[in-house]
Amino acid sequence: MRDCATVLATKSWYSAAMSARHRVLSACAFATLAACGPPPATIVPGPGPDSPVEPDEPPPAGEGYESAGGMWVPRQLSAHAETLRKLGLELDPAQLTDPLAAPLGAIVSLGGCSASFVSPQGLIVTNHHCITGALQYSSTSSENLLEHGFLAKTLDAEKSNGPAARVYVTRAFTDVTAKVRAGLEQLADPKQRHDTVERRQKELIAECETKPATRCEIAENLGGGEFLLIEKLEIRDVRLVYAPHRGVGNYGGEIDNWRWPRHSGDFALLRAYVGPDGSPADYSEKNVPYQPKHHLQIATKPLTPGALVFVAGYPGRTYRLYTAEETSETVEWFYPGRIELYQEYLARIAEVSRDDKDVALKATPLERGLSNALTYTRGALEGLTLGGALAARRKRDSELKEWTSAEAERRAKYDGVLEKLAGVFEQRKATRDLDSALWELLRLSSMTSTALDLVRMAEERAKPDPERKPEYQARNWKPMEQGMVSLSKRYARKLEAGLLGLALERAARLPDSPEKQRLLAAFLGKSEPSRASIEQAVTALLGKTRLEDEKTRVETFRKGTTASLARSADPMIKAARELLVLVKGKEAREDARTGELLLLRPRYVAALREMTPGPLAPDANGTLRVSFGTVRGYAPKPGAPVYFPFTRLEQVVDKATGKEPFDAPAKLLEKAKSRTYGPYADEKLGTVPVNFLADLDITGGNSGSPTLDARGQLVGLAFDGNYEAMASDWLFMSHITRSIHVDTRYMLWVMDAVDGADALLEEMGVAPKL
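Only a predicted model underlies this, so the values are computations on that prediction, with no experimental measurement involved. (Residues numbered from 1 in each chain as written. Predicted model: local features only at pLDDT ≥ 70, side-chain atom pairs only at ≥ 80, totals over all residues. Heavy atoms only, no water.)

### Some thoughts on the state of the cysteines
Our working definition: Whenever a pair of cysteine sulfur atoms sits within 2.5 Å, that pair is classed as a disulfide. To qualify as a helix, a DSSP run of H or I must reach at least 4 residues; to qualify as a strand, a run of E must reach at least 2; elements of each kind are numbered from the N terminus. When a residue's accessible area, from a 1.4 Å probe over protein chains only, is under 20% of the maximum for its type it is buried; when over 50% it is exposed; and in between it is partly exposed.
Per the counting criterion, the structure on display carries two disulfides. Two residues, Cys113 and Cys130, share a disulfide whose sulfurs are 2.1 Å apart. Handedness here is read from the sign of the S-S torsion; for Cys113 and Cys130, about -85 degrees, the answer is left-handed. Of the two residues, Cys113 is situated in the loop between β1 (107-109) and β2 (114-117) and Cys130 in the loop between β3 (123-126) and α4 (132-137); the sequence distance between them amounts to 17 residues. One disulfide in the model links Cys208 with Cys216; its S-S distance is 1.9 Å. The disulfide joining Cys208 to Cys216 has a torsion of about -70 degrees about its S-S bond and is therefore left-handed. The same class applies to Cys208 as to Cys216, namely buried.

This is the structure in structure tokens:
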């Protein structure tokens, strides 16, 4: 699964991963950061319809084309116009360079996943796994939407996704590099450089947001060498419209995750609402469906092997322009540590949710995210080591060093940049374990992060708004308060106790230091840390805190002051006040590193661009990008048969066991066995295609991205990648990197034949036939 929470554009991967405020928990929040995952569920090889290789397959239309990857900023596609024409593009290439025109104007962000409008009435299609939180929000122990799915047959029946749900519609891009970077080279103090950039960004955003109903952000490209101001419409009323049964939307579960062949109906529908005047508004029964300027059309031309396809969306983070030193740290410390973390938290979640349906329901989004992240991280680590990505990165940096020293002009611009970068990365190793423990505690313990936000908010509120930390400025108060409210739907004390307890147990294993002692004392007092003493302390903390109460959280958020919270007897507030000292120390270290990197990383990337011929795609950063390629299979290892790039409806039946995760709904199996295909069958395959492969370049955050054909029409949704290429966030490997997509024809077939979603099909311009 490829969902993702967007990381702060001005932070490195390490700083983003460790950020105290980067806490929106999603699969990608872990995943973007040589053990082998579970074996793939396979289709038996051999001739015939279940073979990984299609018998008598004709040469693909894109034969001879080898994808070079790249998540391109739309304006960069003009450099690829000739290639696109040769691959069969039927649009004017200039259309794909304009993010505000069709078809790119229909693409939206959900703040961690991508999506697209598919009707004039604000209907949105995205992945099923992208709405796990929405399904959990509206579920109860007696009505489990996560399990059984949901279909609203009228607008009135559509369910709110909660006050924190968002849809972001991009409206403008402005290059503000000169305004952000002016004079940075003259500032000797790294912290001053960081603060200068932060201040300028706050000023630009404040000016931008004087426009009505506008949410703005500044995104960094090319290691901080370029800054873009992005204006977005922020829609705050988002509703659940349709989700198939879990046995469709998550068919195969973690066994099939990141694997091919794949047979998942990973899709769902939402709707965006606005106030009666057309402006964004909080949820209200008076609100009306949003009317987008552009929406996608369902493809009418069958998709075939070799066909040109695009993915447009909001990929979260890649690391292809990072140094060998950073890559090495990932291999030696970051990924191994994350694997251990995921394993321990998954075990703890299983322990506390056993025989407790309410806890299990509320833990589902976190459990799925951690499971997905574990599989990803194992595969990425394997790819970086056994797959050769780390060796390739070391080779590139060695070549760059040799190239920069070859001429006096290059030496003047770039000499020593690698060594200076290595020095910055070496400095952070001294506190990385402590920083990681703080990140873990604030990311995984809802009560701890809530208490810290309340304490920090009281302190920041007393300052003039321009002087506040960016995340605590007035523009963020509403979403922060809405987060305090929505916590009620996902909070369970038993789950919280397990997560907070484990975070403290893991912190207790750190090497001894004053900072470690302060962290543990904030929760345990003078007690020696052990599982028993930690469980006792956590039970007491949660039993006495008033922050489990929604009204108390909101009231404290609105009216709390530093003085009033200093007098508070609430044990979580007391703990947060102690933690704030450690968090501020961590922020100061990160800010100084960022100030160093503001000068060094752009020089490194500029050297790479000068040394490497042709256009260079910036690393993904949560902004709109386009990837293009062809429908294409791959050989999972040298000498193995090449997988056919489509899977079939009959294979869903073949896999079905009646037990999770291969428990497709009875009606789906019945319709498949009776060959009730309607107009959704592919003439060549003789059946309904389910999923397909393409050599497109995607990453976390691309989940839900529409897959478009040569006409710019919707042929599927990106939802995953293949295990063999999990290191592709670091190095795109054209022979094996593949994206996995749910075919639009399977989506329509499920809606028509299985769930009877006739009104939605008609709204999307499709006449129901079954």
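Moving on, there is more to tell.
### A word on the pattern of salt bridges
Condition: Salt bridge, as used here, is a side-chain nitrogen of Lys or Arg placed within 4 Å of a carboxyl oxygen of Asp or Glu.
Taken as a whole, this structure holds 59 salt bridges when the rule is applied. For Glu660, the salt bridge is made with Arg246, and the minimal N-O distance between the two is 4.0 Å. Taken together, the positions of Glu660 in the loop between α24 (649-655) and α25 (666-673) and Arg246 in helix α8 (residues 246-249) put the pair 414 residues apart, joining distant regions of the chain. Owing to a relative accessible area of 2%, Arg246 belongs among the buried residues under this scheme. In this structure, Arg428 engages Glu329 in a salt bridge whose closest nitrogen and oxygen atoms are separated by 2.7 Å. Here Arg428, found in helix α14 (residues 417-428), pairs with Glu329, found in helix α10 (residues 324-353); they are 99 residues apart in sequence, far enough to count as distant. Judged by its relative accessible area of 3%, Glu329 is buried.

### Here we look at the layout of surface pockets
Quick reminder of the rule: In this analysis a 1.4 Å probe is tested at points of a 1 Å grid over the protein atoms alone, and where it fits but cannot get out there is a cavity; an open set with protein on both sides within 12 Å along at least five of seven lines is a pocket; lining residues have an atom within 4 Å of a point. Grid points are joined across faces, edges and corners, and a volume is the space filled by probe spheres set on the points. Classification convention: Asp, Glu, Lys, Arg as charged; Ala, Val, Leu, Ile, Met, Phe, Trp, Tyr, Cys, Pro as nonpolar; all other residues, Gly among them, as polar.
When its volume is computed, the largest pocket comes out at roughly 750 Å³. What lines the largest pocket is a set of 32 residues, and nearest its centre among them are Ala68, Arg320, Leu616, Leu731 and Phe732. Broken down by secondary-structure element, the contributors of at least two residues to the lining of the largest pocket are α12 (389-404) and β13 (625-630). Within the lining of the largest pocket, the residues separate by chemical class into 17 nonpolar, nine polar and six charged.

### Description of α10
For an α-helix the count is 3.6 residues per turn, leaving residues at separations of three or four pointing the same way. The criterion, for reference: Each residue after the first adds 1.5 Å to the expected span of a helix. Bend is the name given here to the angle between axes fitted to two runs of seven residues, the run ending at a residue and the run starting at it.
Helix length check: α10 (30 residues) gives 41 Å between terminal C-alpha atoms against 44 Å at 1.5 Å per residue, within 8%. Remark: the principal bend of α10, roughly 45 degrees, maps to Thr330. Of all 30 residues that make up α10, 21 are buried, and the element is covered over most of its length. One or two residues past the end of α10 sits Asp355, with phi positive at roughly 65 degrees.

### A word on the confidence of the model for the protein
The test is simple: pLDDT: the predictor's confidence for each residue, scored from 0 to 100. Residue contacts follow a heavy-atom distance rule, with two residues in contact if any of their heavy atoms lie within 4.5 Å.
Mean pLDDT for the protein: 92, with 92% of residues reaching 70 or above. Low confidence marks residues 4-61, where pLDDT is under 50. Its contacts with residues over four positions away, or in another chain, come to 180 contacts.

### Thoughts on the nonpolar core
Where a protein is soluble and globular, its nonpolar side chains tend to be buried together. Heads up, the rule is: Throughout, nonpolar core names a set of buried Ala, Val, Leu, Ile, Met, Phe, Trp, Tyr and Cys residues whose side chains join them through atoms within 4.5 Å.
With 78 residues, the main nonpolar core has Tyr335, Tyr345, Leu441, Leu495, Leu504, Leu519 and Phe523 as its most contacted residues. With 11 residues, the single largest contributor to this core is α10. Contacts of Tyr345, omitting those with residues within four sequence positions, involve Leu370, Glu440, Leu444, Leu499, Leu502, Ala503 and Arg506. Among the nonpolar cores identified, the runner-up in size contains 69 residues, and Leu96, Leu296, Leu668 and Tyr680 belong to it.

### A short note on the environment of Tyr322
Mapped onto the fold, Tyr322 is located in the loop between β12 (308-313) and α10. You can call Tyr322 buried: its relative accessible area is 5%. Distance from Tyr322 to Tyr290, taken between C-alpha atoms, is 40 Å for residues 32 residues apart in sequence.

### A word on the packing of helix α19 (residues 514-524) against helix α23 (residues 571-611)
Which entries qualify depends on this criterion: Axes here refer to lines fitted to C-alpha atoms; in helices the fit is confined to the stretch in contact. Angles between the N-to-C directions go from 0 to 180 degrees. For this classification, under 35 degrees means roughly parallel, over 145 means roughly antiparallel, 65 to 115 means roughly perpendicular, and everything else is oblique. A clockwise turn of the near helix away from the far one marks a right-handed crossing, whereas an anticlockwise turn of less than a right angle marks a left-handed crossing.
Running from N to C, α19 and α23 cross one another at 170 degrees; their axes reach a closest spacing of 8 Å. The angle between α19 and α23 falls in the class roughly antiparallel. Crossing angle aside, the handedness with which α19 passes α23 is left-handed. Contacts between α19 and α23 involve Glu515, Arg518, Leu519, Ala522 and Phe523 from the former and Met572, Ala575, Glu578, Leu579, Val581 and Leu582 from the latter.

### Here's the deal with the pairing of strand β18 (residues 739-743)
Put simply, the rule reads: For two strands to be treated as a pair, DSSP must find at least two bridges joining them.
Buried residues dominate β18, accounting for five of its five residues. Burial along β18 is two-sided: Ser739, His741 and Asp743 facing one way and Ile740 and Val742 facing the other are all buried. Pairing of strand β15 (residues 689-694) with β18 involves four bridges; the strand directions are antiparallel. Each residue of the ladder has a partner; that of Phe692, found in β18, is His741.

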